[in-house]
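Residues per chain are reported as follows:
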Amino acid sequence: MAKVTASKVIAKAKSFLGTKESPKNSNNVIFNTHYYGKAVHGSAYPWCAVFLWDMFRLCGASELFYGGKKCAYTPELANYYKSHKQWYTTPNVGDIAFFQWANSSRICHVGLVIGVISKTQVKTIEGNTAIGNDSNGGEVMIRTRNIKDIKGFGRPNYTKEESKKETTSTTNKTTTSAYYKKYTGKSVSVDVVFEAIGVPAANRGSVTKRKPIAKANGITTYAGTATQNNKLVSLAKQGKLKKA
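What you see is a predicted model, and the numbers here were worked out from it, not measured in a lab.

Rules and cut-offs
- Residues numbered from 1 in each chain as written.
- Predicted model: local features only at pLDDT ≥ 70, side-chain atom pairs only at ≥ 80, totals over all residues.
- Heavy atoms only, no water.
- Helix = DSSP H or I, 4+ residues; strand = E, 2+ residues; numbered from the N terminus.
- Rg over C-alpha atoms; globule rule 2.2 N^0.38 Å.
- Buried < 20%, exposed > 50% of the residue type's maximum accessible area, 1.4 Å probe, protein only.
- Contact = heavy atoms within 4.5 Å.
- Areas by Shrake-Rupley, 256 points an atom, 1.4 Å probe, with all protein chains shown as cover.
- Lys, Arg positive; Asp, Glu negative; His and termini not counted.
- Charge placed at Lys NZ, Arg CZ, Asp CG, Glu CD.
- Pairing = 2+ DSSP bridges.
- Axes fitted to C-alpha atoms, helices over the stretch in contact; angles between N-to-C directions.
- Phe/Tyr/Trp six-rings, centres within 6.5 Å; stacked < 30°, edge-to-face > 60°.
- Salt bridge = Lys/Arg side-chain N within 4 Å of Asp/Glu carboxyl O.
- Expected span 1.5 Å × (residues − 1).
- Arc of directions from axis to C-beta.

(A) Molecular detail of the overall build of the protein. In terms of regular secondary structure, the protein is built from eight helices and six strands. On C-alpha atoms alone, the protein measures out to a radius of gyration of 19 Å, which is about the 18 Å that the 2.2 N^0.38 rule sets for 244 residues. When its C-alpha atoms are laid out on the principal axes, the protein stretches across 55 × 50 × 30 Å. Classification of the 244 residues of the protein by burial places 47% in the buried group. In the protein, the share of contacts with a sequence separation of at least 24, taken over all contacts with a separation of at least 6, comes to 53%. For the protein, the accessible surface area stands at approximately 12,700 Å², while carbon and sulfur atoms represent 50% of it. On the protein, the mean spot of the 37 positive side-chain charges and the mean spot of the 14 negative ones are 5 Å from each other.

What follows is the structure, encoded as structure tokens:
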């Protein structure tokens, strides 16, 4: 059994943030090329599960994902974790989240849990997603998801790692940064960038919602212009975007 931690797989997945299929709506993407051994195109090749398969493979941990075999069909992957007693209803970082949307009759999408926000939300990194197209969007993105849309969580047998807490050594109090984390993806969309670095939904999605963030970063007459949005994205890429 490979000795691989959840943080290693998450770091590998994050290194592909912003990767897109090309051309749009083609499913032609590097992860499918790795999986099928050749470039593929068309609706028969959705790749949310393939993306996760590839991340485990690149970390030398294929056996943690699906017993060392390939799987691109999300219900089949879910059944694997159920049959191996690795299926849970509450999330841990590193879990595979299995999504079943309200308008779907089955599990139809997967993502890797990178943060547990609350009892009702998790943060995930997913392949083949986009804002406005949750499970066939064509990009690797970080998403904030409602647990009500998740059927369950598959938990790979990672090597345990010591949990890390953001505390000071002298006071043992949780530290709060004045800045959002640095954006390392490739997107230039301000709302995509904002979601990826943890800007709350109340501060993204419209000019009005983004105004407090803009003001905190010196843009006092924010109107959502390309120049203003580019400045916010630039600050995020430098790790210098201030919180409102």
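Still to come is the rest of the account.
(B) Here's a closer look at the sheet that holds strand E3 (residues 109-116). Read from one edge of the open sheet, six strands run E1-E6-E2-E3-E4-E5, paired in antiparallel fashion. Each of the sheet's edge strands pairs with one partner strand only, and the pair in question is strand E1 (87-88) and strand E5 (139-146). For E1 and strand E6 (residues 150-154), the ladder comprises two bridges, and the chain directions are antiparallel. Bridge pairing in E6 places Tyr 88 opposite Phe 153. Against the sheet, helix H6 (residues 190-197) engages strand E4 (121-129) and E5, with an angle of about 60° to E5.

(C) The pairing of E5, seen in detail. Of all eight residues that make up E5, six are buried, and the element is covered over most of its length. Pairing of E4 with E5 involves seven bridges; the strand directions are antiparallel. When the bridges of E5 are listed, Val 122 appears paired with Arg 145.

(D) Spotlight on the packing of aromatic side chains. Counted according to the given criterion, the structure contains 13 aromatic pairs. Taking the centre distance of 5.3 Å and the plane angle of 75° together, the rings of Phe 16 and Phe 31 count as edge-to-face. Within this pair, whereas Phe 16 is found in the loop between helix H1 (6-14) and helix H2 (30-36), its partner Phe 31 is found in helix H2, the two being separated by 15 residues in sequence. Given the relative accessible area of 17%, Phe 16 is considered buried. Note on Phe 56 and Phe 65: the rings are 5.5 Å apart at their centroids and 35° apart in plane angle, and the pair reads as tilted.

(E) Summary view of the pattern of salt bridges. Throughout the structure, instances matching the rule amount to eight salt bridges. Among the ionic pairs, Arg 143 bridges to Glu 195, the shortest N-O distance being 3.4 Å. Of this pair, Arg 143 sits in strand E5 while Glu 195 sits in helix H6, and the two are 52 residues apart along the sequence. In this structure Arg 143 comes out as buried when scored by relative accessible area, which is 6%. Residues Arg 210 and Asp 191 are paired through a salt bridge, measuring 2.8 Å at the closest nitrogen-oxygen approach. With Arg 210 in helix H7 (residues 207-216) and Asp 191 in helix H6, this residue pair connects regions lying 19 residues apart in the sequence. Taking relative accessible area as the criterion, Arg 210 reaches 7% and is therefore assigned buried. Its relative accessible area of 19% is what places Asp 191 among the buried residues. Several salt bridges share partner residues, and in doing so they unite Glu 126, Asp 134, Arg 143, Arg 145 and Glu 195 into one network.

(F) The arrangement of helix H8 (residues 226-238) in detail. End to end, H8 covers 18 Å across 13 residues, agreeing with the expected 18 Å (1.5 Å per residue, within 8%). If you check which residues of H8 are buried, you get Gln 228, Asn 229, Leu 232, Val 233, Leu 235 and Ala 236. The arc that holds the buried residues of H8, viewed along the axis, is 160°, so those residues lie on one side. Opposite the buried face of H8, at more than 90 degrees from it, the exposed residues are Ala 226 and Thr 227. For H8, the secondary structure elements touched by its buried residues are H6 and H7. A positive phi of about 75° marks Gly 239, the residue just after H8.

It is worth stressing that arrangement in space is one thing and function is another; only the former is reported here.
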